[in-house]
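Observations on the model geometry
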Amino acid sequence: MRARVTAHARYAVADIDKRLYGSFLEHLGRAVYTGIYEPDHPSADASGMRQDVIDLVRELDTPICRYPGGNFVSAYNWEDGIGPKEDRPTRLDLAWKSLENNHVGIHEYADWADKAGIEMMLAVNLGSRGLDEARSFVEYVNHPGGSYWSDLRRKNGREDPWAVKTWCLGNEMDGPWQVGHKTAREYGQLANETAKALRAFDSDLELIVCGSSHSDMPTYPQWEATVLEESYDNIDHISLHMYFENYEKNTANFLALPEKLDRYIGTVSGVIDFVKGKKRSKKDVKISFDEWNVWYHTRKKDQLYLEGKDWQYWPPILEDVYNFEDVLQVGCILNTFIRRSDRVRIACIAQLVNVIAPIMTQPGGPAWRQTIYYPFKLASHHGRGTALQLDVDCPTYDADMAAGVSYLDIAGVHDGDAGSVTFFAINRNGSEPLEVELSLERFGTPKSASHTLIRHDDLEATNTMEAPDTVVPQEGSGAKIDGSTLSMTLPPYSYSMIKVE
Ligand code: AHR
C-alpha cells in the first residue's frame, strides 16, 4: 500500500503550546497515595515523595499537571489539606468511595511538582462549594502576604506564593454523576461570577470553564453554547474530555475513534466562533482537552467496588494495563491534537501515575513505564515547534464511527530553531506495510533521517512489573532521504517517529 504526503515550511497550523503535553493527577485510587507519595518507600525523599516516580515523570517531560481532580474536586475542601498532618481530617470521598486522610494537600503537591519540573494547573470546587471557596484558595496560593489566607500559607511554611496561572472552574459539571451537578445556565452563571472574582484578584490568570464530559452527552453541544454565552468575556479556555474504549475488540473501529475526537474539536470550535460572533468579541477562547486516554480495561471490574459498601484508603481502581494496540491509539490521539493545535492549546493525559496512567508503581516495589508511556514521551520531546498542515493522499477504510479513514495517520512538527522536521506516523493497516513518499518543500537541504519504531507482533502485548520492556521503542530502518524526498516504510500496525535534520 502506498501513500503520498507533502509538507511545506510555510503551510503551518500553529505554534504548538507545550502544554499540549500536559498530564493529570487526581486523588483517586493509588495515583497520589503509593503513586507519587509513599513515605515508607525505599526511594522516598524527606517529604515522602517517591524519587523513582519523579525520575520517570521528569523523563516524560510533561510541562503541566492538573490537580486535585477530576470528580474528586467537586466535594473537596482544600483547607483539609493544610497545616500539621496529624490534625488533618479523614473524609469520605464521594466520587471514588474512598477514605481520604489529606496527608497530601496543596503544599505537598506543589513541592512534588517543583521536584518533577512541572507547572501546576489547579481546579476549584464548583460542585459542593462555590465562589467564596475559590477566591480563598486562589488567595492562599497566589497572594504574597498581608491577608488572612496568604498569611496562613506563610505560617504553614511557604513564604513565597506559588503564582499558579492556570485554573479550572470545576470539573465535568454537565455530568449527573458529579457532586453538585448543574444545568448549563446555572453552571455558566456560577463560572462567570467566579471568573470575575478571580480576575478582580489577578487579571492575568488563565481560566478554564467546563465543556462536555464527552461528545455523547445528551446536553452536547448546547452545553458549550450556553456556558460560553454566560462566561465568554471572562474566561480563556473551554475544557473537553474524551476516553477511548475497545470493548468489542475491533482494532479497525477502535483506531478510527480519533475521527470522532477530531469532529468533537471541530464542533466545539464552531460553537466558540458562534458565541464570539454573537458577542462581537475579538477574543478567541481556546480548548483545554484536559482529560483524554484509553480507559476501558478495568472499568467493569471497578464498578463492583464502586457499587459495594466498602470504604477503603486508596483502593486499586482504574489501574488499566495498557497494550501495544493502545500505543497506536495514543499516537493517533496526540497527532489529532497536533493537527488541531490552533484550537487546542492545553491537553492533559489522564492520568499520570497508576490511575489510567503511563507510569505504574508497586507499593514498596518498583515503578515502570506502561506501553503508552513511549508515544507520549516521543511527542512531548520531539513534538514542540510549529505544527504543519500536511497534504495526505492515502487509501482509506470505512469504520462504524466514520467513513474514509486514512490508513496513514500522520502529523508533522517543524522546529525552526533546531532545523528539524519530525513526523509521527501510525500505520492503521494490520495486514500490509505502508510505503510513504513524503515531499519536503522549502525546509532547506535535509541531511539525515532517523526512524524510531514501536511495534509488536501481538496487539495485546503489555509491559508489566515482571516484564517491563516488552513494548519499547527500537531503532527502525524504514526511512531514507533523497534530495527533498523522504521515503519510509511503515510496518503493519506500527507507530513511527521520523526525524529529518
Ligand atoms: O479520570 C477519571 C475521571 O474521569 C475523572 O475524575 C473525571 O473527571 C472523568 O469522568
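- An unreviewed UniProt entry annotates the protein as non-reducing end alpha-L-arabinofuranosidase of Pseudoroseicyclus tamaricis.
- Per UniProt, the protein has the following entry under Sequence similarities (unreviewed entry): "Belongs to the glycosyl hydrolase 51 family."

As for the pairing of strand β26 (residues 485-490)
- Side chains of β26 alternate between two faces, with Leu486, Met488 and Leu490 buried and Thr485, Ser487 and Thr489 left unburied.
- Pairing of strand β22 (residues 434-441) with β26 involves 6 bridges; the strand directions are antiparallel. Note that in β26 the partner of serine 439 across the bridge is threonine 485.
- Connecting strand β25 (residues 479-482) to the antiparallel partner β26 that follows it, the hairpin turn spans 2 residues, and glycine 483 within it adopts a positive phi of roughly 65°.

Focus: the site of the ligand
- What surrounds the ligand is the set Glu26, Gly69, Gly70, Asn71, Asn171, Glu172, Ser213, Glu291, Ala350 and Gln351.
- For the shell around the ligand, a count of residues per class yields 1 nonpolar, 6 polar and 3 charged.

Digging into the packing of helix α3 (residues 131-142) against helix α5 (residues 184-201)
- Between α3 and α5, the shortest axis-to-axis distance is 9 Å and the interhelical angle comes to 25°. With respect to each other, α3 and α5 are oriented roughly parallel. Relative to α5, the crossing made by α3 is right-handed. Facing α3, whose interface residues are Leu131, Ala134, Arg135, Val138 and Glu139, α5 presents Glu193, Thr194, Ala197, Leu198 and Phe201.
- A breakdown of the residues in the contact of α3 with α5 according to their chemical character gives 6 nonpolar, 1 polar and 3 charged.

Cut-off values and rules
Residues numbered from 1 in each chain as written. Predicted model: local features only at pLDDT ≥ 70, side-chain atom pairs only at ≥ 80, totals over all residues. UniProt positions renumbered as here; feature names shortened; annotations may be inferred. Buried ≥ 20, exposed ≤ 12 C-beta atoms within 10 Å, placed from the backbone. Helix = DSSP H or I, 4+ residues; strand = E, 2+ residues; numbered from the N terminus. Pairing = 2+ DSSP bridges. Near = placed C-beta within 6 Å. Nonpolar A, V, L, I, M, F, W, Y, C, P; charged D, E, K, R; others polar. Axes fitted to C-alpha atoms, helices over the stretch in contact; angles between N-to-C directions. Parallel < 35°, antiparallel > 145°, perpendicular 65-115°, else oblique. Left-handed = near helix turned anticlockwise from the far one by under 90°. Contact = placed C-beta atoms within 7 Å.

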